[in-house]
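# What the coordinates show
Chain by chain, the residues:
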Amino acid sequence: MHNSATKEILRLKVNGEEREALAPPHKLLLDVLREDLALTGSKRGCDDSSCGCCAVLVDGVPTLACVALAASYQDCEITTVEGIAAPGTLTAVQEGYVEAGGTQCGFCTPGFLIATKALLDRNPEPTPDDIREALSSNLCRCTGYMQIYESVRLAIERTKSSQLDAVRS
Ligand code: FES
Ligand code: FES
């Protein structure tokens, strides 16, 4: 039984780095990422697990960090929105969102980027229904979603053309 004031060292692998945080055992992954590891890209957009703004990849699978106990994820590979591209670069997915207006106020964008990356990593040529299904756990108050679907379509196109360029060179 843990006293509520008890803190433990949590060891987490985040964005390819071994990180440590001194936190109570019941602390949520989202709070550890934001408060202890200064990774503030993941957002808290609701209080009922309904918005997807807090999503991170856990072993490649989109996971709501707002309802995940950090201590339970110490053997996992965690990727936050900060870790999806090398510093100073953008992935095709990020470029798609910028160009197609899939990001407006930007609050939902980290969660959408995570969900889109997970989709395209497992299925590089999704149908429109696949895209809708993969993004159905993410809410956006600004875009009306059409620009987001267009962002994903553009990301797919860009990924294909960069693969073709790589084959030709
Ligand atoms: S903060 Fe809304 S689902 Fe996690
Ligand atoms: S861009 Fe504002 S909530 Fe989605």
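Residues numbered from 1 in each chain as written. Chains lettered and ligands numbered in written order. Predicted model: local features only at pLDDT ≥ 70, side-chain atom pairs only at ≥ 80, totals over all residues.

## Description of unusual backbone geometry
With a phi angle near 55°, Ala38 is a residue other than glycine that sits in the positive phi range. Along the chain, the position of Ala38 falls in the loop between α1 (29-36) and β3 (55-58). Residues other than glycine seldom take positive phi values, yet Ser49 does so here, at roughly 60°. Tracing the chain through its elements places Ser49 in the loop between α1 and β3. (Helix = DSSP H or I, 4+ residues; strand = E, 2+ residues; numbered from the N terminus.)

## Topic: the nonpolar core
Counting 41 residues, the largest nonpolar core has Leu29 and Ala65 as the members making the most contacts within it. Listed by contribution, the elements that provide at least two residues to this core are β1 (8-14), α1, β3, α2 (92-99), α3 (109-122) and α5 (146-168). Each of domain 1 (8-83) and domain 2 (92-168) contributes no fewer than three residues to this core. Non-local contacts of Leu29, meaning those with residues more than four positions away in its chain, are made with Ala65, Ala68, Leu69, Ala70 and Tyr73. (Core = buried A, V, L, I, M, F, W, Y, C linked by C-beta atoms within 7 Å. Buried ≥ 20, exposed ≤ 12 C-beta atoms within 10 Å, placed from the backbone. Domains from an automatic or database assignment. Contact = placed C-beta atoms within 7 Å.)

## Things to note about the packing of α2 against α5
Viewed as axis vectors pointing N to C, α2 and α5 meet at an angle of 135°, and their least axial separation amounts to 8 Å. Relative to α5, α2 is oriented oblique. Remark: the crossing between α2 and α5 carries right-handed chirality. Each of Ala92, Val93, Glu95, Gly96, Tyr97 and Glu99 in α2 lies in contact with α5, whose residues at this interface are Ser151, Val152, Leu154, Ala155, Arg158, Thr159 and Ser162. Residues that form the contact of α2 with α5 fall into these classes: six nonpolar, four polar and three charged. (Axes fitted to C-alpha atoms, helices over the stretch in contact; angles between N-to-C directions. Parallel < 35°, antiparallel > 145°, perpendicular 65-115°, else oblique. Left-handed = near helix turned anticlockwise from the far one by under 90°. Nonpolar A, V, L, I, M, F, W, Y, C, P; charged D, E, K, R; others polar.)

## Examining the domain arrangement of the protein
How big an interface is tends to be reported as the loss of accessible area on association of its parts. Parsing the protein into structural domains produces domain 1 (8-83) and domain 2 (92-168). The centre of domain 1, based on its C-alpha atoms, is set 22 Å off from the matching centre of domain 2. With 16 residues of domain 1 in contact, the opposing surface of domain 2 contributes twelve residues. Of all the elements in the fold, those that place two or more residues in the side of domain 1 that touches domain 2 are β3 and β4 (61-64). Ranked by residues supplied to the side of domain 1 that touches domain 2, first place goes to β3 with three residues. Split by residue class, the side of domain 1 that touches domain 2 holds nine nonpolar, six polar and one charged.

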